[in-house]
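Chain residues, written in single-letter form:
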Amino acid sequence: MKSRERRGRFPNRWARVVAGCAVAILPCVASADSSPSGLASGAWWWDCAKAVDPDEAKPRLRFLRRQGVTEVYLCVSREASTEALVRFIRDARAHGLRVAYLAGDVSWIMPGNLGFDETFAHFRRHQRTAPADARFTALHLDVEPYQNRTLEKERLWQLYADFVLRVRALVQRAGEKLEWDIPFWLDGIRVVRGNRAAASLLELVMDSADGICIMSYRDTATAMLDISKEELALAASRPCRVLLGAETGRTDEEPFVSYQKDGKAKMATELQRVRAELARKGLPAGCGTAVHHVESWMSLKE
């Protein structure tokens, strides 16, 4: 079992950004030409205003295409019009990028909270009204229970597990794809699952998802792979895609959490090593790498 230290999660400031929006998510830094084939590559895109403004979106889309990114997880403002979102999704597709709708708020796990239901309704309205070539490819959720400092841990994680199962039922009924962002230490948490009093929370999440993105936030390929080994082992026998995430922003955690100090070239080298190992594993549902996030990645030194 891995250490249950929380290094590698999003800094607290991201909890405020995520609330009420659809989030962006995961890219690979290596170019498409030099990357092992068949691996997904994504990027968090937090600022929806820079997505729905074509003048702001175009240089970012060009940057992501140059890096070999294949999918974006967009933080969608409720104020963005359907027409603007349709235009962005089509522009992203023209750059070879799929777009997923990511949202999350720790308060959603609380009994009686309607935040997720409102977000899901917003997501579904877009899916029903947008043209087929301008719909989101998945609902991508970033719900981080450890941001709640008031609940006792056993209660907190059980609420999260119950929420995961509820969401899965709703998304399956709607015929949509579901993806989760998770920390790398869920294998150390046990929850009640049906008549099983000691189920693995990691297994519950992976069994309830079409894909997960691990916050494997370390600044070497070896470390990223090491802290993700339990998830990768489980993915060998499950229909759940696994992406390993890399941080590029400045954090209040240890320096080894982010590539911010290292720059684009160093991260590209390390992620290429990660991708080569993932290609060797050949996981049945697919795999790849992820970079958090578009703006901080673009600002990294060369």
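Everything here concerns the structure above.
Every chain begins its residue count from 1, and numbering advances along the sequence as written. pLDDT decides what is reported in this predicted model: residues at 70 or higher carry local features, side-chain atom pairs at 80 or more are listed and counted, and totals for whole chains, interfaces and linings draw on all residues regardless. Side-chain measures here rest on the full set of heavy atoms in the structure, leaving out hydrogens and waters.

Asker: What am I meant to see in helix α4 (residues 82–94) here?
Answerer: Helical segments are the DSSP runs of H or I of at least four residues, strand segments are the runs of E of at least two, and each set is numbered from the N terminus. By this rule the span expected of a helix is its residue count minus one, scaled by 1.5 Å. Spanning 13 residues, α4 covers 18 Å between terminal C-alpha atoms, matching the ideal 18 Å at 1.5 Å per step. All buried positions along α4 are accounted for by Ala84, Leu85, Val86, Phe88, Ile89 and Ala92. We call two residues in contact when some of their heavy atoms are within 4.5 Å. On its buried face, α4 sits against β2 (40–45), α2 (49–52), α3 (54–66), β3 (71–74), β4 (98–103) and α5 (115–129). Positive backbone phi, at 80 degrees, marks glycine 96, one or two positions downstream of α4. Each residue is placed in one exposure class: buried if its accessible area under a 1.4 Å probe, protein chains only, is under 20% of its type's maximum, exposed if it is over 50%, and partly exposed if it falls in between.

Asker: What's the story with unusual backbone geometry in this structure? I'm lost.
Answerer: Among all residues save glycine, negative phi is the norm, and among peptide bonds the norm is trans. In the segment running from histidine 292 into histidine 293, the intervening peptide bond is cis, with an omega of 5 degrees. Inspection of the secondary structure assignment puts histidine 293 in the loop between β11 (287–292) and α11 (294–299).

Asker: Would you take a moment to explain the packing of aromatic side chains for this structure?
Answerer: Two aromatic rings, taken as a pair, are described by how far apart their centres are and by the angle between their planes. Ring pairs are drawn from Phe, Tyr and Trp, using the six-membered ring of Trp, whenever the two centres fall within 6.5 Å, and their geometry is named by plane angle: stacked under 30 degrees, edge-to-face over 60, tilted for the rest. Enumeration according to the criterion identifies 15 aromatic pairs in this entry. Centroid distance tryptophan 157 to tyrosine 160: 5.7 Å. Interplanar angle 85 degrees. Geometry classified as edge-to-face. Of this pair, tryptophan 157 and tyrosine 160 both sit in helix α6 (residues 153–174), 3 residues apart, roughly one helical turn. Taken as a pair, tryptophan 157 and tyrosine 160 share a single burial class, namely buried. Plain terms: the ring middles of tryptophan 157 and tryptophan 185 are 5.8 Å apart, the flat faces sit at 90 degrees to each other, and that makes the pair edge-to-face. Here the residue tryptophan 157 occupies a position in helix α6, and tryptophan 185 occupies one in the loop between β6 (178–182) and β7 (190–193), the gap between them amounting to 28 residues. Exposure remark for tryptophan 185: the relative accessible area of 2% places this residue in the buried category. Among the aromatic residues, those joined into a ring-pair cluster are Tyr101, Trp108, Phe116, Phe120, Phe123, Phe136, Tyr146, Trp157, Tyr160, Phe163, Trp180 and Trp185.

By themselves, these figures tell us nothing about what the structure is for.
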